[in-house]
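# Tertiary structure, described
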Amino acid sequence: MTRPLLISCLILFTAAACGGKKPPVPAAPPPFPGAIATGPTERAEPRPPDPPPVPVETGVTARPIGGDPYSRLDVKEINENSPLKPVYFLYDSDELDDAGRKVLSANAAILQQYPTWVVTVEGHCDERGTAEYNLALGDRRALAARNYLLTLGIAANRLRTVSYGKEFPFDAGHDETAWSHNRRAHFMLTSK
């Protein structure tokens, strides 16, 4: 036989041999737990009940609702007389001083008592400086307060930040006393 004829014969025999075989049919997957059988009926064994959930230690002690001053208040009412105190900053600074760290420690203790509270940390500045500069400085102040709360064990998903720069002064005065009140990280409860 010639070589091309031999190759053609081999191809034909291979195709004939493969053509007679059918690909394997995959087995049907087992039904998911709790599924209702719709095919041929075989008596299925009853499924054993799920084991009881294992309690998870969260480190948070439940507080009695009757003694909780915030349980019946909505977010707006809590923010009107917030237990979370603002942190004040020196002029042109975003560094926390000892007084600021002390306030943040007290705020962290409150947030640990209310593990479902989500808080927005607002960064504010006094009226001096450009709007752009104060927005950036307010952002750094909010982040400084947030980052310190993170080191105290407050979860990151409970803390948001926003900068308002000089747009929402706490004190409308135009002197050092007013400005010192406006250089702050302010805490607003977002959800409880």
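Just so we're clear, the structure is a prediction, and the values are computed from it rather than from any experiment.

Parameters and conventions
Residues numbered from 1 in each chain as written. Predicted model: local features only at pLDDT ≥ 70, side-chain atom pairs only at ≥ 80, totals over all residues. Heavy atoms only, no water. Helix = DSSP H or I, 4+ residues; strand = E, 2+ residues; numbered from the N terminus. Buried < 20%, exposed > 50% of the residue type's maximum accessible area, 1.4 Å probe, protein only. Contact = heavy atoms within 4.5 Å. Areas by Shrake-Rupley, 256 points an atom, 1.4 Å probe, with all protein chains shown as cover. Core = buried A, V, L, I, M, F, W, Y, C linked by side-chain atoms within 4.5 Å. Phe/Tyr/Trp six-rings, centres within 6.5 Å; stacked < 30°, edge-to-face > 60°. Pairing = 2+ DSSP bridges. Right-handed = clockwise from strand over helix to strand, strands pointing away. Expected span 1.5 Å × (residues − 1). Axes fitted to C-alpha atoms, helices over the stretch in contact; angles between N-to-C directions. Polar contact = N/O pair within 3.5 Å; in protein donor to acceptor, adjacent residues only side chain to side chain. Salt bridge = Lys/Arg side-chain N within 4 Å of Asp/Glu carboxyl O.

## Digging into the overall build of the chain
Helix and strand content of the chain: 5 helices and 4 strands. Secondary structure elements of the chain occur, N-terminal to C-terminal, as α-α-β-α-β-α-β-α-β. In the chain, buried positions account for 27% of the 192 residues. Expressed as a percentage of contacts within the chain between residues at least 6 apart in sequence, the contacts between residues at least 24 apart total 75%. For the chain, the exposed area adds up to about 13,700 Å²; of that, 62% sits on carbon and sulfur atoms.

## Some words on the nonpolar core
Counting residues in each nonpolar core, the largest one holds 23 residues, and the members touching the most others are V87, L104, L111, W117, V119, L149 and F187. The contact partners of L111, leaving out residues within four places of it in the chain, are L84, W117, V119, L149, I154, R158 and L159.

## A few points about the packing of aromatic side chains
Evaluation of the coordinates by the stated rule reveals 4 aromatic pairs. On the numbers, 5.7 Å between centres and 85 degrees between planes, the contact of Y70 with Y114 is edge-to-face. Within this pair, whereas Y70 is found in the loop between helix 1 (3-19) and helix 2 (75-80), its partner Y114 is found in the loop between helix 3 (98-113) and strand 2 (118-124), the two being separated by 44 residues in sequence. Note on accessibility: Y70 and Y114 belong to one class, buried.

## Examining the pairing of strand 3 (residues 159-165)
For a regular strand, side-chain orientation follows a simple rule: the groups alternate between the two sheet faces. With 6 bridges connecting them, strand 2 and strand 3 associate as parallel partners. Across the sheet, residue T120 finds its bridge partner in strand 3, namely R160. For the crossover that starts at strand 2, traverses helix 4 (residues 131-151) and ends in the parallel strand 3, the hand is right-handed.

## Considering helix 4
With 21 residues, helix 4 extends 30 Å from end C-alpha to end C-alpha; this agrees with the ideal 30 Å at 1.5 Å per step. All of the buried residues in helix 4 are N134, L137, G138, R141, A142, A144, A145, R146 and L149. Contacts made by the buried residues of helix 4 are with helix 3, strand 2, strand 3 and strand 4 (184-191). One or two residues past the end of helix 4 sits G153, with phi positive at roughly 100 degrees.

## Some thoughts on the sheet that holds strand 1 (residues 87-88)
In a beta sheet, neighbouring strands are held together by backbone hydrogen bonds and run either parallel or antiparallel to one another. Here 4 strands make up an open sheet; going across it, the order is 1-4-2-3 and the pairing mixed. The open sheet has two free edges, formed respectively by strand 1 and strand 3, since each of these has just one partner strand. Packing against the sheet, helix 4 makes contact with strand 2, strand 3 and strand 4, and its axis sits at approximately 155 degrees to strand 3.

## Overview of the side chain of H124
One can find H124 in strand 2. Polar side-chain contacts of H124 include one of 2.9 Å to the side chain of E122. For H124, the residues in contact, after removing those within four places along its chain, are G138, R141, Y164, G165, F168, N182, R183, R184 and H186.

## What about the pattern of salt bridges?
Taken as a whole, this structure holds 6 salt bridges when the rule is applied. The closest approach of N and O atoms between D98 and R101, which form a salt bridge, is 2.6 Å. Placement of the pair is D98 and R101 together in helix 3, with a separation of 3 residues, close to one helical turn. The class of D98 is exposed, set by a relative accessible area of 58%. For D126, the salt bridge goes to R183, with nearest N and O atoms at 3.3 Å. With D126 in the loop between strand 2 and helix 4 and R183 in the loop between helix 5 (176-182) and strand 4, this pair connects stretches of sequence that are 57 residues apart. Here the residues in one salt-bridge network are D126, R128, E176 and R183, joined through shared partners.

Structural measurements only, silent on function.
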